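Remarks on the overall topology
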Amino acid sequence: MEGLLSWLGRAYENTLFVYGLVLLLVYALLALLSMIAIRRYTRKSTQHQLDILASSPMAPGLTILAPAFNEGLTIISNVRSLLTLNYPRYEIIIINDGSTDNTMEQLISEFRMVAVDFAHNARILTQPVRKIYKSTDPAYSSLMVIDKVNGKSKADAVNAGINIATFNYFVCTDVDCILHKDTLLELVLPVMQEEKKRVIAVGATLRIANSSDFDEGVLIRMRPPRQLLPRFQEVEYIRSFVLGKMGWSYINCVPNVSGGLGLFDKEVATRCGGYDHSSFGEDMELLTRMCRYAHDNQIDYAVRYIPRTLCWTEGPASVKIFSRQRTRWARGLAQLMHAHFSMFLNPRYGKMGLIVFPFNFFFELLAPLVEFSGIIIYIYLAVTGQVNWPYALLLLLFVYTYAVMITTISILWDQLSFGYYKKWWEVAYLCLTPFMEFLLYHPLIVFFSLRGYYYFLTGKKSTWGNMQRQGFGKKKT
Amino acid sequence: MFDIPIPAFLDPVLSTFREAPLAIRLAMIFIIVAVLVTLLAYFSILRSRFLGYQRRKRLDYLLPKIDNLIIDEIMAHPEVAAGTPASQIQLNLDGFQELPLHKKWARQATTNRIIHFRRNVRGNAGHLLRNLYIQLELNKDTMKQMKSPKWARKVRALTEFIDMDIPVADVTILPLTNSRNRELRAAARHAYIKLSKNEPFKFFDVVTDPLLMWDQVELFRIITTTEDISIPNFARWVTYSSNKSVVSFCLKLIVHYNQLPAVPAVIKLLDTKDHYLRADAINCLGKLKAPDVEDRLVSMYSSQPLQCQIEILKAVGRISSGRQVDFLKQEFLHSTNFDLRKAAAKSLVRNDQAARGVVQELLETANRENLLILKHCMNPLIKY
Amino acid sequence: MSKILLVEDDEIMPKIVARILPSAEYELDHVSNGKEAFEKLESTNYGYDLIITDIMMPYANGFEILSRVKSQPRPIPVIIVSNAGNEDMIMEGFKLGADDFLKKPIIPAELLIRVKRLLMKNK
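Residues numbered from 1 in each chain as written. Chains lettered and ligands numbered in written order. Predicted model: local features only at pLDDT ≥ 70, side-chain atom pairs only at ≥ 80, totals over all residues.

Going by the annotation in an unreviewed UniProt entry, the name recorded for chain C is Response regulator receiver domain-containing protein, with Chitinophaga ginsengisegetis given as the source organism.

An unreviewed UniProt entry lists chain B under the name HEAT repeats, with Chitinophaga ginsengisegetis given as the organism.

Written out as structure tokens, the structure is:
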């Protein structure tokens, strides 16, 4: 018995050691790959290219899909900002998902909308569409509003939009997200410049909008969030997009195109059934299914990412709402891994099955469990006096400095290529944030993730995260 | 080994290091590495921000000066307004000599500004801007960039030559059109079309790799904005090229230049086995409103894949001769595919005069779904 | 003396236009986005003889400006100056009542002629 226990202990220790080492190596590798990918992007992309595309009659048509549920506070300014994007050929579809506030009334009166007889072929099943509105003012001829019965999910709302979309590519965003004016140009370029593969999705960097200045849906000045929780998220987003997604993009292994902003191939998205309304992480779920579909149908596909920040979203500022969001994400991840487990280490799915899926399984899904078990064992060892404190502290210090280094590198890549923020001390402020992340922010994420897994296993009911917004329509003076 | 004096306070650290197991030793080393890398990152951030700040400050000072000089010397030049050809106008460069043009960044800034101006004005003023660029010898920097081993620099130089319309010898460009780097290859081809005085479209004959959507955007812009380029009959490549992307691109150019003499070649393309290309050809015929092809299109309709069928319906709508109203009505009433019925309805509505009676009759008799489709197509607020 | 409003977000174009239209005959006001354009129009009670506008701009695009201007009791003539090469977009502009369209890059003399002609027509 004694022997078995100590054997188990050693096995656990060794597994953990290898686990940690692989994780560290992967991050070092991502730092390197992302650097190459970002350099390639900055060399290749010029404002001139975007101008050429903006003035070209050959730009492919795009459909913007933005679902809205009780967004009365910001809907008008955000639709206005969508109307002024730089792109020669696009339509905007706002999907009013059975709002109970005055979202629909505001849209109708502001943009002089009338219900029209609209014939469409619903290839994806959704909650019924009540009416479709177009504007009588030709200035808003690119705008369309779908009024549908609430489907209790963003997925159902976007699917209704996909059914009606005219063009071959759609850009999915949230009504509460603020987009850069060049968003459409930037997102479609990777599709047009890809040599052999079919680009089925393109994503770009998202950032937290909380302390930046906006005026009627236009970004005036970028600032790191003043409050700690959103600032943690800003740093996390920079790490996950600029370092993570860009690194993965370089080897065509992007695991997820964020729901805040992404361009998708409509044909592939429709054929694999659109967004799954029962999923808690519908964005990642759709991309996984699209990749799977592409593999199953011998489509040589690619998913690309852009390091430039094109979308600002309001990050939860209170722990309560933040917990709701992260619990939901974790639950979505567990659901996804469960539903598509047949891809795990399955060579039929290429990189998807051999790299993306295993990485997500071990280092996204299992990470909170591993960390949690580590803490429990640590406490046990500490209580029974078996801890070599100097060594333990050294290892802790190592993980801490490594984590700070990786985050700082991602801020560096971001700074070198785009030089965001106006003042140098704002960047310094951001650079200090990772020092606290490990102790304050990370434990929260682990805890919420575990809660999400628990809800997944017990099947707790939940409605779609309707977060309370402050609204940043008007310039704060 | 090394005889470096070690401060006494580090002794416990060193002894711990010597006694520790491998994992701990590694951890200790990596802590130092991580701290150093982090510090280096801070330094790089500060440095890049400082350089950026300096650059902005310099430009904030220089650009207004350049703008004023260009405005005064070129835009307001009395002889430009009088219509004197640019080649006969003497530029007064005194003002420009006072700019710090011995500095590379200042030369680059001036070049960029001249290009920016040329994107806003053309004609005589545009030519004069080009003269200014040459007389300030700014093209020498660009020439130097062309010799750089870095592809990104070469691309930038080529783009600059295209923007400034500076002729480059074929021997310089031609080798680059076969470069292994895609961006460089594309830029060299664009430069060849824009700048070569011999046979700008020669590369259509030789290109074997597909033209990407992006290449087509750039080519289209260059071909349609170059002033003294002689536009060939693109039917030549529609007939002879084996590169599908070239054929498809030429179809778009045929539409843009409304080259009706190309119609027979495009009709021949209807026999191609590639149905993407066939759809493009049908689309082209429709947009040209090619007379007398409707019968041909309608007769081949039933054996086509969906994509081509939709294009045929659209083409019949675009041509709108009124002779195919019955065909459209048949398709609208009896097709099982929603997209086909919608395309047929749209074309019926476009056949305005000839189909008015039929549309009216259909409005009265159609079932619910077909009625909705018709109303959709008749509503002027709905574009697609 | 004719009052002209130029709505343009490029930084060089206004300088060029200011030089093309001699200040002895034209009073040129420049704003750089749709919001400022509306503010300017409202504060002057639409007191302009001509508007020159781009299409793609922040806050409100050229179409909105056109639509608003043309719904006034005394519609002001509008020239669109844009690099848009998409025919649909140009057609849209004319549908909304644009009086003229010039594609960038422009020929300075041509802009002057068209401005003169439109102002004459509306005298």
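Next comes the rest of the account.
**Let's talk about the overall build of chain C**
Counting its regular elements, chain C contains five helices and five strands. Ordered by position from N to C terminus, the α and β elements of chain C give β-α-β-α-β-α-β-α-β-α. Taking 14 Å as the expected radius of gyration for a compact globule of 123 residues, we find that chain C reaches 13 Å, a close match to that expectation. C-alpha atoms of chain C, sized along the principal axes, occupy 35 × 30 × 30 Å. For chain C, the residues scored as buried account for 42% of the 123 residues in total. (Helix = DSSP H or I, 4+ residues; strand = E, 2+ residues; numbered from the N terminus. Rg over C-alpha atoms; globule rule 2.2 N^0.38 Å. Buried ≥ 20, exposed ≤ 12 C-beta atoms within 10 Å, placed from the backbone.)

**Topic: helix H4 (residues 87-95) of chain C**
An α-helical segment advances 3.6 residues per turn. Residues three or four places apart therefore align on the same side. Residues and elements named next belong to chain C. Buried residues of H4: Met89, Glu92 and Gly93, and no others. Around the axis of H4, the buried residues are gathered within 100° of arc, so they sit on the same side. Exposed residues pointing more than 90 degrees away from the buried face of H4 are listed as Glu87 and Met91. Tucked into the core, H4 has its buried residues touching helix H3 (62-70), strand S4 (78-82) and strand S5 (100-103). Just past H4, the residue glycine 97 takes up positive phi, approximately 100°. (Arc of directions from axis to C-beta. Contact = placed C-beta atoms within 7 Å.)

**Considering the domain arrangement of chain B**
All names here are of chain B. Domain parsing of chain B yields domain 1 (12-83 + 93-136) and domain 2 (138-230). Its C-alpha centre places domain 1 at a distance of 25 Å from the equivalent point of domain 2. Counting residues at the interface gives nine residues for domain 1 and seven residues for domain 2. Within the residue set of the side of domain 1 that touches domain 2, elements represented by two or more residues are helix H5 (104-120) and helix H6 (123-135). (Domains from an automatic or database assignment.)

**Comments concerning the environment of His340(A)**
All names here are of chain A. Inspection of the secondary structure assignment puts histidine 340 in the loop between helix H10 (319-339) and helix H11 (350-383). Along the backbone, histidine 340 and isoleucine 52 are 288 residues apart, and their C-alpha atoms lie at a distance of 42 Å. In contact with histidine 340, not counting residues within four places along its chain, are Thr288 and Arg292.

**So, the interface of chain C and chain B**
On the chain B side, the residues contacting the twelve residues of chain C number 15 residues. Elements with a minimum of two residues in the side of chain C that touches chain B: helix H1 (13-20) and helix H5 (108-121) of chain C. If one sorts the elements of the side of chain C that touches chain B by residue count, H1(C) sits on top with four residues. For the side of chain C that touches chain B, the residue count by class is eight nonpolar, no polar and four charged. (Nonpolar A, V, L, I, M, F, W, Y, C, P; charged D, E, K, R; others polar.)

**Observations regarding the UniProt feature "transmembrane region" (unreviewed entry) in chain B**
Residues annotated by UniProt as "transmembrane region" (unreviewed entry) correspond here to residues 22-46 of chain B. Here residues 22-46 of chain B is 100% helix and 0% strand, with 36 Å between the C-alpha atoms at its ends. (UniProt positions renumbered as here; feature names shortened; annotations may be inferred.)

**Some remarks on the UniProt feature "modified residue: 4-aspartylphosphate" (unreviewed entry) in chain C**
Residue and element names in this part refer to chain C. Within the UniProt annotation, "modified residue: 4-aspartylphosphate" (unreviewed entry) is assigned to Asp54. By secondary structure assignment, the location of aspartate 54 is in the loop between strand S3 (50-53) and H3. Aspartate 54 has contacts with Val7, Glu8, Asp9, Gly62, Val81 and Ser82, leaving out every residue within four places of it along the chain.

**Topic: the confidence of the model for chain C**
Chain-level pLDDT for chain C is 92 on average; 100% of the residues reach the 70-or-more range. Mean pLDDT across the secondary structure elements of chain C bottoms out at H4(C), with 89, and peaks at S3(C), with 96. (pLDDT = per-residue confidence, 0-100.)

**Some details on the interface of chain B and chain A**
On the side of chain A, 38 residues touch chain B, which itself brings 42 residues to the contact. When residues of the side of chain B that touches chain A are traced back to their parent elements, those giving at least two are helix H2 (22-75), helix H10 (182-195), helix H12 (213-225), helix H20 (338-350) and helix H22 (368-378) of chain B. Broken down by element, the residue count for the side of chain B that touches chain A peaks at 18 residues, all from H2(B). Per-class residue counts for the side of chain B that touches chain A are 25 nonpolar, eight polar and nine charged.

**What about helix H6 (residues 183-193) of chain A?**
Taking burial as the measure, the eleven residues of H6(A) include ten buried ones, the bulk of the element. For H6(A), the complete set of buried residues consists of Thr183(A), Leu184(A), Leu185(A), Glu186(A), Leu187(A), Val188(A), Leu189(A), Pro190(A), Val191(A) and Gln193(A).

**Focus on the sheet that holds strand S6 (residues 169-173) of chain A**
Residues and elements named next belong to chain A. Taking strand neighbours across the sheet as the criterion, the ten strands line up as S3-S4-S5-S2-S1-S6-S11-S8-S12-S7 in an open arrangement whose pairing is mixed. What marks the edges here is a single partner per strand, and that holds for strand S3 (113-116) and strand S7 (178-179). Here strand S4 (residues 129-135) runs beside strand S5 (residues 143-148); their pairing, made up of five bridges, is antiparallel. Note that in S5 the partner of isoleucine 132 across the bridge is isoleucine 146. Lying on the sheet, H6 is in contact with strand S1 (62-68), strand S2 (90-97), S6, S7, strand S8 (198-208), strand S11 (261-265) and strand S12 (301-313); it crosses S8 at an angle near 145°. Across the face of the sheet, helix H9 (residues 282-296) comes into contact with S8 and S12 while running at roughly 160° to S8. (Pairing = 2+ DSSP bridges. Axes fitted to C-alpha atoms, helices over the stretch in contact; angles between N-to-C directions.)

**Quick look at the packing of H10(A) against helix H13 (residues 424-458) of chain A**
All names here are of chain A. Direction vectors running N to C along H10 and H13 enclose 55°, while the axes themselves pass 7 Å from each other. By the angle between their axes, H10 is oblique relative to H13. In this structure, the crossing between H10 and H13 has a hand that is right-handed. In this structure, H10 uses Ser323, Arg326, Thr327, Arg328, Trp329, Ala330, Arg331, Ala334 and Gln335 to contact H13, whose residues at the interface are Ile445, Phe448, Ser449, Arg451, Gly452, Tyr453, Tyr455 and Phe456. Of the residues contributing to the contact of H10 with H13, the split by class is eight nonpolar, five polar and four charged. (Parallel < 35°, antiparallel > 145°, perpendicular 65-115°, else oblique. Left-handed = near helix turned anticlockwise from the far one by under 90°.)

**Some remarks on the nonpolar core**
Soluble globular proteins tend to bury their nonpolar side chains together. Counting 255 residues, the largest nonpolar core has Leu65(A), Ile93(A), Met290(A), Ala191(B), Val238(B), Cys250(B) and Val266(B) as its most contacted members. When residues of this core are assigned to domains, at least three map to each of domain 1 (12-83 + 93-136) and domain 2 (138-230) of chain B. Setting aside anything within four residues of it in sequence, one finds Val266(B) in contact with Val238(B), Leu251(B), Ile254(B), Ala281(B), Cys284(B) and Leu285(B). (Core = buried A, V, L, I, M, F, W, Y, C linked by C-beta atoms within 7 Å.)

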